[in-house]
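# Summary of structural features
Here is what each chain is made of, one letter per residue.
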Amino acid sequence: MYNPNQNTDCTCDARGRHTCKCADDPKVTCSGVNSGVRYDENCNKSCVPQPASCSSANDPHYRTFDGTSYDFHGLCTYQAASCDDFKVFMKNKNLGSTPTYTDRVMLEFKGHTFAIHSYGFSVHVDHVRVSFRAMF
């Protein structure tokens, strides 16, 4: 085994083939939301957020990024999530005598707006309706 730098462990087999991998850096510990580990091209270790999802379904039942479930029937547009350069908004609508439902989901990202509306499942980019081919 040899180390071309402090972050890389390499081996050479009997045929002369070299294999290198990033060495663990015990000084960098990752936990909680930032429990993912990333190594850059120089094998420098850093912590990154784990992928997560949230959802809204039916009248509306919500599941948050941390897995918490709850119901919310307010008639408003509210910010469901945000982080650095993106924000997610949802708008509820009343069906009359029945519960509310999620009428629109909108993502603001790097100065652009992407929205899905429940009526006709229309899609808008920067407030302009766009067409797409359904995959289902």
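Everything here concerns the structure above.
We now turn to the structure provided with this report. Residue positions are given per chain, counting from 1 as you read along its sequence in written order. Note on the predicted model: pLDDT of at least 70 is required for a residue's local features to be given, and 80 or more for side-chain atom pairs to be given and counted; whole-chain, interface and lining totals, by contrast, use all residues. Based on all heavy atoms of the structure, the side-chain values leave hydrogens and waters out of the count.

## Observations concerning the overall build of the chain
Put simply, the test is: The secondary structure listing takes helices from DSSP runs of H or I that are at least 4 residues long and strands from runs of E that are at least 2 residues long, numbered from the N terminus. When accessible area is computed with a 1.4 Å probe and restricted to protein chains, residues below 20% of their type maximum are described as buried, those above 50% as exposed, and intermediate ones as partly exposed. Whether two residues touch is decided by their heavy atoms; if any such pair falls within 4.5 Å, the residues are in contact. In this description, accessible areas are obtained by the Shrake-Rupley approach with a 1.4 Å probe, and a residue is regarded as covered only by the protein chains that are shown. Neither His nor the chain ends contribute to the count of charged residues, in which Lys and Arg are positive and Asp and Glu negative. Charge placement uses NZ in Lys and CZ in Arg. For Asp and Glu, CG and CD serve respectively.
Helices and strands together make up the secondary structure of the chain, namely zero helices and 14 strands. Secondary structure elements in the chain, listed N-terminal to C-terminal, are β-β-β-β-β-β-β-β-β-β-β-β-β-β. In terms of principal-axis extent, the alpha carbons of the chain reach across some 75 × 35 × 30 Å. Taking all 136 residues of the chain together, 21% fall into the buried category. Considering only intrachain contacts with a sequence separation of at least 6, the fraction spanning at least 24 residues in the chain is 12%. Carbon and sulfur atoms form 55% of the exposed surface of the chain, whose accessible area is close to 9,900 Å². The average position of the 14 basic charges and that of the 14 acidic charges among the side chains of the chain differ by 6 Å.

## Concerning the packing of aromatic side chains
The condition is simple: Only Phe, Tyr and Trp rings are paired, with Trp represented by its six-membered ring, and only when their centres lie within 6.5 Å; those with planes under 30 degrees apart are stacked, over 60 edge-to-face, the remainder tilted.
Counted under the stated rule, the structure contains two aromatic pairs. Judged by centre distance (5.9 Å) and plane angle (85°), the rings of tyrosine 62 and tyrosine 78 are edge-to-face. Remark: tyrosine 78 occurs in strand E9 (residues 77-83) and tyrosine 62 occurs in strand E7 (residues 61-63); sequence separation between them is 16 residues. Among the aromatic residues, those joined into a ring-pair cluster are Tyr62, Tyr70 and Tyr78.

## Thoughts on the pairing of strand E11 (residues 100-109)
What counts, and what does not: The rule for pairing is simple: two strands pair if DSSP sees at least two bridges between them.
Bridge count between strand E10 (residues 86-94) and E11: nine bridges; the pairing is antiparallel. Bridging from a neighbouring strand, phenylalanine 89 pairs with methionine 106 of E11. Relative to strand E12 (residues 112-117), E11 runs antiparallel, the two sharing six bridges. Each bridged residue has a counterpart across the sheet, and for glutamate 108 the counterpart in E12 is threonine 113.

## So, the sheet that holds strand E6 (residues 55-57)
What counts here: Only the stretch in contact is used when fitting a helix axis, every axis being a line fitted to C-alpha atoms; angles between N-to-C directions are given from 0 to 180 degrees.
With antiparallel pairing, three strands are arranged side by side in an open sheet as E6-E7-E8. Here the strands that pair on one side only, and so sit at the sheet edges, are E6 and strand E8 (69-71). Across the sheet, the mean angle separating the axes of adjacent strands is 20° when strand polarity is ignored. For E6 and E7, the ladder comprises three bridges, and the chain directions are antiparallel. Counterpart to alanine 57 in the pairing with E7 is histidine 61.

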